[in-house]
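Coordinate inspection notes
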Amino acid sequence: MKNLHVYIDKYASKQFLYALRIVLIAVVVVSYSCSEEEDCEYVSAVKYDCAESQANVGDSCDSNNNGVFDGVVNAMCECIPEITTISTCSGFIANGDFELVTDDPNGQVGEDIKLATSWKALWQSGSLVDLFNEDTTDFGNLCFVAPTPVSGAFGAMWVWSSEMMSVDTTYREGLFNELSTIIKPNTGVYNMSFDYARMDVDCMNGLLVKVGVYGVYFPEGTELPENPTEQYEPSNLELFGEPNTVFLGEVVIENLTVNSWNNAAFEFDTNNLNVPIDGITHIMITNSHIPTVDRAFMYLGFDNFCLTN
Ligand SMILES: [Ca+2]
Ligand SMILES: [Ca+2]
């Protein structure tokens, strides 16, 4: 019996080695077949809600194949852009009525827009937007008058739209608002509105101006650009780099405008515009980059910015 045991043991270990060899070959074959990034689905134990896109409902996804994960997979396995809805003013604009200030707007006559929370100028120094309020008596020019009715704190700046009159950058100014919520690409239609009032009615003779509104991607920690060298150089589209800037619209202001507040409104569709891929963090308001042929400059007050969707 002892010899028979030895024979069985030897037979069993031979069988075991044979089986092991088969298993190893199978592993090599499977590994090889998957190393070519071919269709290895049959060896995958992972099951997806959406087999074709290998995603699960609720996963983040890229809604328009631009490399930005801006959407969420829904129950129909569609990638729907995530949309934040803000329907009450000032909406996506922060401190749209300029009432939040860090210091007295009358401590300094002009160039002091940065005293309004979430607002600043478009460049580091030079001609900057001014901040006034209901107590202001000195607007920096004897012929400038306060807009009516009183609307608390507000910003004011030159808007110069003519390319016929060559000027330095003294009259190029602009507002920059850090939005309360980033606006992502492909998130539908937005409504922009603001109040403006012409403060130079008594002394200037501009025929009309065009105020341009732009969306800008300007991440935290980024330095403001150098002062522009000319009225239209660099263009508004190039100040922060073209991929970071989208023209949202412009508002034409006629010289019939008096010094009381008027409202301007327009809408823009983020599905049809080249919105920066990481979204719009700031709104730029300045002279439009598309000039007019007329004698065109005005000193305007701005208040009650509102951006909703
Ligand atoms: Ca105000
Ligand atoms: Ca001031």
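Within the protein chain, the regular secondary structure consists of 2 helices and 13 strands. The buried share of the protein chain, reckoned over its 309 residues, is 33%. Put simply, of all contacts in the protein chain between residues at least 6 apart along the chain, 76% involve residues at least 24 apart.

Moving on, we come to the sheet that holds strand β13 (residues 297-308). The sheet built from 5 strands is open, its strands ordered β5-β6-β13-β8-β11 with antiparallel pairing. Strands with a single pairing partner mark the edges of an open sheet, and in this sheet they are β5 (130-132) and β11 (262-269). On average, each strand axis in the sheet is tilted by 35° relative to the strand beside it, whichever way the strands run. Note that strand β8 (residues 189-198) and β13 share 7 bridges and pair antiparallel. Residue Arg198 lies in a different strand from β13, and its bridge partner there is Leu300.

All right, on to the pairing of strand β9 (residues 208-216) then. For β9, the tally of buried residues reaches 7 of 9 residues, placing the bulk of the element in the interior. Two strands pair when backbone bridges link them, and β9 and strand β10 (residues 245-254) are joined in this way by 9 bridges, in the antiparallel orientation. Each residue of the ladder has a partner; that of Val213, found in β10, is Gly249. By the bridge criterion, 6 bridges tie β9 to strand β12 (residues 280-287) in an arrangement that is antiparallel. Bridge pairing in β12 links Tyr214 to Met284.

Residues Ile113, Ala156, Val159, Leu175, Leu300, Phe302 and Leu307 are the most contacted members of the largest nonpolar core, which totals 59 residues. The element that contributes the greatest number of residues to this core is β13, accounting for 8 residues. Among residues more than four places away in sequence, those in contact with Ile113 are Trp119, Lys120, Ala121, Leu128, Val129, Asp130, Leu131, Gly155 and Leu175.

Pairing is antiparallel across the open sheet formed by 3 strands, whose spatial order is β1-β2-β3. If you trace the sheet from one side to the other, it starts and ends with β1 (60-61) and β3 (79-81), each paired once.

Take unusual backbone geometry next. Thr148 connects to Pro149 through a cis peptide bond whose omega is -10°. Residue position: Pro149 is located in the loop between β5 and β6 (154-160). At the junction of Glu233 and Pro234, the peptide bond is cis and its omega measures out at -10° in the coordinates. Tracing the backbone shows Pro234 in the loop between β9 and α2 (236-239). For Asn186, which is not a glycine, the phi torsion comes out positive at approximately 55°. Phi at Asn304 takes a positive value of approximately 55°, unusual for a residue other than glycine. For Asn304, a count of 19 C-beta atoms within 10 Å puts it in the partly exposed group.

Attention shifts here to the pairing of β12. Counting buried positions over the 8 residues of β12 gives 8, a clear majority of the element. Where strand β7 (residues 174-183) meets β12, 6 bridges bridge the pair, whose relative direction is antiparallel. The partner of Ile183 across the bridge, within β12, is Ile280.

This part is about the confidence of the model for the protein chain. Residues of the protein chain with pLDDT of at least 70 account for 85%, and the chain-wide mean is 87. Taken as a whole, residues 1-8 scores under 50 in pLDDT and shows 0 contacts with residues more than four places along the chain or in a different chain. Counting contacts from residues 25-35, a segment whose pLDDT is below 50, to residues more than four positions away or on other chains yields 5 contacts.

Structurally, Asp138 can be placed in the loop between β5 and β6. Measuring from C-alpha to C-alpha, the distance between Asp138 and Gln108 comes to 9.7 Å, with 30 residues separating the pair along the chain.

Parameters at a glance
- Residues numbered from 1 in each chain as written.
- Chains lettered and ligands numbered in written order.
- Predicted model: local features only at pLDDT ≥ 70, side-chain atom pairs only at ≥ 80, totals over all residues.
- Helix = DSSP H or I, 4+ residues; strand = E, 2+ residues; numbered from the N terminus.
- Buried ≥ 20, exposed ≤ 12 C-beta atoms within 10 Å, placed from the backbone.
- Contact = placed C-beta atoms within 7 Å.
- Pairing = 2+ DSSP bridges.
- Axes fitted to C-alpha atoms, helices over the stretch in contact; angles between N-to-C directions.
- Core = buried A, V, L, I, M, F, W, Y, C linked by C-beta atoms within 7 Å.
- pLDDT = per-residue confidence, 0-100.

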